[in-house]
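Inside the fold
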Amino acid sequence: MSEPVTFSAPKGTFDVLAPASRGYERLIATFAALVEAAGYGLVLSPMFEDIGVFQRVGESTDVVRKEMYDFHDKGDPPRHLALRPEGTASVVRAFVEHRPPLPFKAWYAAPSFRYEAPQAGRYRQHHQLGVEALGTGDPDLDVEVIGLLARFFQAVGLRQVECRITSLGDATCRPAYRAELEAFLAARADRLCDEHRTRYADNPLRVLDCKKPACVAATADAPHQVERLCEPCRHHYQRVKDGLVAGSVTFTEDPRLVRGLDYYTRTTFEFAAAALSIAHDAVGGGGRYDGLAEALGGPPTPGIGFGCGIERVLLACAAEGVDLTAGGGVVAFVVDTTGGEQARDLTRELRDAGIPADRAWDQRSFKAQFKAANRSGARVAVIVGSDEAARGVVAVKPLRHDGEQVEVARDQLIELVRKMADDAD
Ligand code: HAM
């Protein structure tokens, strides 16, 4: 046999065990309830796609140029595939393939993969909660989508999350603005950072997002798309802002907001957690992508959505003191020193009655089983020794405070556990 070796999770990835994983469960459950109540249905799509699907999200973006996990499969000829770096392209590809009735309102909770330099809040595998809504350009849908993300953060208990929005225009007003910005940058190219000095023409907007002091200084008086919107885009943007105000969604306008993906049109937005450092404070973001379905071979179909990073939300919760891991777990823990049959039957009965229950294994000593009961976080221990078994009773002992141990006939156990568990709350 070869030497045993040890492995750990690949760089930039991590395992999540209970109780930390409860935070994930809670966020997903809260999100699912919220978006299902607004008419969104769960969509599952493959974790990998033809690389072309993701290339459509933007040839000039880091996500596509530098961070894609791509590989060739064993097909003949091999297919060029990539792990999903984000959810939108996959959902739109699925929409184009299946043409569900419109509007198509979908949500997902799924891992995404980006070959980034790992650091706090930036991982090579992260998990996104997201919605995508296709089939209407109605600005009130933008209000619904942004409002859902704002409500989600509220429901989670986060207080210090700020929403910024802007409009990136459309195929009518964007080209002229882009040309204007490009000319503006050309006149100052020598003042831009090393990366953008030669590459600003690939996507001039991205220069506005560059955090390097050279670019920030050189673009301080750059023109903004939001000041150059065509009439329909301006009207759309105004309606979105009015709708957010009507729905009490607090936001600020940020004309410099540029997102890291190229498909955006009109409304774009980002939510930042004030309690996190600026390098990873984006807890969610999204916008309209009215041209993406067409770019993926479908009919012209407007769409809008957002992605929200679960890990970032958990970091924000930790920073704001919101505990998502409390509660859960088992309520009753059966300690059986008669050989295990009582534990086998009682855990089944408790669970059938809707009381989460667990037990010890391997016929261990009373002391060892009781220790396990305490470690389990259960509210009560259900104890059966040979004496109790002979008399047809069980003892129930509270574990979270110094209450009395109570003996009860076996057929009244469920009622007593319910009562004592409630008292322990
Ligand atoms: P995104 O801004 O690239 O947008 O990602 C969405 C969210 O995922 C970010 O706000 C952040 O919370 C989280 N995130 C992104 N990259 C990482 C990472 N490396 N580590 C940890 N968290 C990360 C999108 O992906 C778009 N698909 C959103 C969208 C949906 N737009 C329209 N529809």
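Here is a short report on the structure shown in this document.

Definitions and limits used
Residues numbered from 1 in each chain as written. Predicted model: local features only at pLDDT ≥ 70, side-chain atom pairs only at ≥ 80, totals over all residues. Heavy atoms only, no water. Pairing = 2+ DSSP bridges. Helix = DSSP H or I, 4+ residues; strand = E, 2+ residues; numbered from the N terminus. Contact = heavy atoms within 4.5 Å. Axes fitted to C-alpha atoms, helices over the stretch in contact; angles between N-to-C directions. Core = buried A, V, L, I, M, F, W, Y, C linked by side-chain atoms within 4.5 Å. Buried < 20%, exposed > 50% of the residue type's maximum accessible area, 1.4 Å probe, protein only. Near = heavy atom within 4 Å. Polar contact = N/O pair within 3.5 Å; in protein donor to acceptor, adjacent residues only side chain to side chain. Areas by Shrake-Rupley, 256 points an atom, 1.4 Å probe, with all protein chains shown as cover.

Our focus in this paragraph is the sheet that holds strand 5 (residues 104-113). Backbone hydrogen bonds are what pair the strands of a sheet, in a parallel or an antiparallel way. In space, the 8 strands of this open sheet follow the order 1-5-6-11-10-9-7-8, with mixed pairing throughout. Where the open sheet ends on each side, the last strands, each with one partner, are strand 1 (41-42) and strand 8 (252-253). Across 6 bridges, strand 9 (residues 265-273) lies against strand 10 (residues 282-288) in antiparallel orientation. The residue of strand 10 that forms the bridge with Phe271 is Gly284. Packing of helix 12 (residues 310-320) onto the sheet brings it into contact with strand 6 (125-134), strand 9, strand 10 and strand 11 (303-309), and relative to strand 11 it is tilted by some 50°.

Ranked by internal contacts, the top residues of the largest apolar core, which has 48 residues, are Phe153 and Phe271. Looking at this core, the elements with two or more residues in it are helix 1 (21-36), strand 6, helix 5 (139-156), strand 7 (161-167), helix 10 (231-246), strand 9, strand 11 and helix 12. No other element matches helix 5, which puts 10 residues into this core. When sequence neighbours within four positions are dropped, the list of residues in contact with Phe153 reads Leu158, Val161, Phe271, Val283, Cys308 and Val313. Ranked by size, the runner-up nonpolar core spans 42 residues in total, among them Val53, Ala89, Ala189 and Leu205.

On to the site of the ligand, then. Neighbouring the ligand are 26 residues, the closest being Glu86, Thr88, Glu116, Tyr264 and Ala282. Contact between the ligand and Gln128: an oxygen atom at 3.2 Å from a side-chain N or O atom of the residue. Within the complex, the protein chains bury 96% of what would otherwise be the 660 Å² of accessible surface of the ligand. Going through the elements one at a time, strand 6, strand 10 and strand 11 are the ones with two or more residues in the shell around the ligand.

Limitation: the analysis is restricted to geometry and does not speak to function.
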